[in-house]
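Residue strings, one per chain:
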Amino acid sequence: MKIIVDAMGGDNAPEEIVKGAINAAEEFNTEIILVGKGEKILRVLDKMGRKDLPSGVEIANASQVVEMEDDPTTVTRVKSYSSMTVGLKMLHDGNGDAMVSAGSTGALLSGATLIVKRIKGIRRAALAPIVPSAKGGFLLVDCGANAGCTPEYLLQFGYMGHFYMENLVGRTKPKVGLLNIGTEETKGTDLQKATWALLRDAGEKGKINFVGNVEARGAMLGDCDVLVTDGFSGNILLKGIEGVGLLAMDELKKMFLKNMKTKLAAAAIKDELKSFKKRFDSSEIGGTMLLGISKPVIKAHGSSNAYAIRSAIRQAMEVVNSNVCGAIADNIDSMKISSTER
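Scope of this entry: the structure provided in the associated data block.

Rules used in this analysis
- Residues numbered from 1 in each chain as written.
- Predicted model: local features only at pLDDT ≥ 70, side-chain atom pairs only at ≥ 80, totals over all residues.
- Heavy atoms only, no water.
- Axes fitted to C-alpha atoms, helices over the stretch in contact; angles between N-to-C directions.
- Helix = DSSP H or I, 4+ residues; strand = E, 2+ residues; numbered from the N terminus.
- Parallel < 35°, antiparallel > 145°, perpendicular 65-115°, else oblique.
- Left-handed = near helix turned anticlockwise from the far one by under 90°.
- Contact = heavy atoms within 4.5 Å.
- Nonpolar A, V, L, I, M, F, W, Y, C, P; charged D, E, K, R; others polar.
- Core = buried A, V, L, I, M, F, W, Y, C linked by side-chain atoms within 4.5 Å.
- Buried < 20%, exposed > 50% of the residue type's maximum accessible area, 1.4 Å probe, protein only.

**A word on the packing of helix H1 (residues 15-28) against helix H13 (residues 306-322)**
Inference 1: For the pair H1 and H13, the least separation of the axes is 7 Å and the interaxial angle reads 50°. As far as their axial angle goes, H13 and H1 are oblique. Remark: the crossing between H1 and H13 carries right-handed chirality. Contact residues: H1 offers Glu-16, Ile-17, Lys-19, Gly-20, Ala-21, Ala-24, Glu-27 and Phe-28, while H13 offers Ala-306, Ile-309, Arg-310, Ile-313, Arg-314 and Met-317.
Inference 2: Of the residues that constitute the contact of H1 with H13, the class distribution is 8 nonpolar, 1 polar and 5 charged.

As structure tokens, then:
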């Protein structure tokens, strides 16, 4: 297996990206293509005390870098020699099995759509992270790629989430829910009501396991395995969850450092605290798959360190092995709706 890595994308590029990629290559015994400015990549290797590239790791030179301020809609054309653009072209041409980038989310989504292309029949690609919950986590589709959505987009998000959780995570008949302000079918705007009807029909036909409307708190308590929503609402939900997680960790730290008694208590449950923190650590998962793109593209967090990149590469390998893209493509006819349902 060969994973393409955008060595120049992200806040900590290229140092942390290169280190993480090399660690992944050696730990997972996979081939890596580091795309970026060759001299800077080699400089990182020198700082690591390595004279040569490890076996299975190669460099594909790219003279430009996509910056955060670049226009996402035009950057792949304006910067055709950027590490992100070159990497996406390599993936499209079959020179790798998947791609990982910590660069601009908008540019990566736009570039993947224009260069690698969406799966034929998929109307919009979606960002789909795994969010921790009381029952092991749920897939949030979409978390920011599509602020404005139609019922058909959301129906396809439900199907794609179903195949992701079933093929990659291994959950049989994953429960698909629609994010709403209440569980009753009459809740929400026209978008939620129309989407509810489409998802209900898909559930009645046995295509997916639709469990109805799900409130945000219900999703956190494990009411669904896939939570379908538009990117605007999904992004607000995700940022809210991240904020609560940071607040909880900060309050726990204050509580356990308050006095000698609480410090002793913290020492007694040290392993449990580490496990709790690990559950909410995004670097353990590594990245977010762009669901709907014809080949696996993983968006790592912009502030990714070496460990997070290593995890993102592991995730990319798992996506390739699970053939999520193939499962979506093979079932595209199930996701189509008639003109009268639009």
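**Concerning the environment of Gly-292**
Inference 1: Topologically, Gly-292 is positioned in the loop between strand S11 (287-291) and strand S12 (297-300).
Inference 2: Taking the C-alpha atoms as reference points, Gly-292 and Lys-117, separated by 175 residues in sequence, lie 8.8 Å from one another.
Inference 3: Non-local contacts of Gly-292, meaning those with residues more than four positions away in its chain, are made with Arg-118, Ile-119, Ile-122 and Met-160.

**So, the nonpolar core**
Inference 1: Grouped together as the largest cluster of nonpolar side chains are 66 residues, with contacts concentrated most on Ile-3, Ile-32, Leu-34, Phe-157, Leu-291, Ile-313 and Ile-328.
Inference 2: Looking at this core, the element that brings in the most residues is helix H6 (residues 151-169), giving 10 residues.
Inference 3: Contacts of Phe-157, omitting those with residues within four sequence positions, involve Arg-124, Ala-126, Val-141, Asp-142, Asn-146, Cys-149, Val-228 and Thr-229.
Inference 4: By size, the runner-up hydrophobic cluster in this structure holds 36 residues, among which are Val-86, Val-116, Leu-238 and Leu-290.

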